[in-house]
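So you can see what is in the structure, the chains are spelled out below.
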Amino acid sequence: MQLIVDMALEAGVPTDQIARCLTGHAKSAGDVGLGFRFANAAIADAPELEMLREEIKTRFGETALVAASFAASSGRIYPVLKRSLGFGQACSLVTIQDEPVKVLRQT
């Protein structure tokens, strides 16, 4: 998870929005939170997936929906592979600009 956070920071994602997503407050994290909630809903096949899908499609278009879908699905490959090979520990503490953030397990 630290790798994903580092890439988001490098891409200019606001630190407060990343922290909100990681600590269970994604609804208050704007567009970043929308993407985070969509990915978690897609991974878990959660009931809110349809609503989040439609919100992304309406606000950002079909191309953004496809991109978010690819990101959600491909983002699971590395952690699943790492855990299945016996090398993965759940990231419970992530650092955002030298500040530790306790991660709330999402799914």
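Described in the following lines is the structure provided in the data block. (Residues numbered from 1 in each chain as written. Predicted model: local features only at pLDDT ≥ 70, side-chain atom pairs only at ≥ 80, totals over all residues. Heavy atoms only, no water.)

**Details of the overall build of the protein chain**
So, step 1. When you go through the protein chain residue by residue, the secondary structure sums to six helices and two strands.
So, step 2. Secondary structure elements of the protein chain occur, N-terminal to C-terminal, as α-α-α-α-α-α-β-β.
So, step 3. For 107 residues, the compact-globule estimate of 2.2 N^0.38 gives 13 Å, and the protein chain sits close to it at 14 Å.
So, step 4. Burial statistics for the protein chain: of 107 residues in total, 24% are counted as buried.
So, step 5. Side-chain charges of the protein chain comprise 11 positive and 12 negative groups, with the mean position of each set lying 7 Å from the other. (Helix = DSSP H or I, 4+ residues; strand = E, 2+ residues; numbered from the N terminus. Rg over C-alpha atoms; globule rule 2.2 N^0.38 Å. Buried < 20%, exposed > 50% of the residue type's maximum accessible area, 1.4 Å probe, protein only. Lys, Arg positive; Asp, Glu negative; His and termini not counted. Charge placed at Lys NZ, Arg CZ, Asp CG, Glu CD.)

**Concerning the pattern of salt bridges**
So, step 1. Within this structure, the stated rule accounts for five salt bridges.
So, step 2. Between E50 and R53 there is a salt bridge, and its shortest N-O distance comes to 2.1 Å. Of this pair, E50 and R53 both sit in helix α4 (residues 49-60), three residues apart, which is roughly one turn of the helix.
So, step 3. For E50, a relative accessible area of 42% puts it in the partly exposed group.
So, step 4. Where R59 meets E55, a salt bridge forms, and the shortest distance between an N and an O atom there is 3.3 Å. With a gap of four residues between them, R59 and E55 both fall in helix α4, about one helical turn apart.
So, step 5. With relative accessibility at 44%, the residue R59 sits in the partly exposed group. (Salt bridge = Lys/Arg side-chain N within 4 Å of Asp/Glu carboxyl O.)

**Thoughts on the nonpolar core**
So, step 1. Membership of the largest hydrophobic core is limited to nine residues, which are L34, F38, A41, A46, L49, L52, I56, L65 and A68.
So, step 2. When neighbours within four sequence positions are excluded, L34 is seen to be in contact with L52, E55, I56, R59 and F60. (Core = buried A, V, L, I, M, F, W, Y, C linked by side-chain atoms within 4.5 Å. Contact = heavy atoms within 4.5 Å.)

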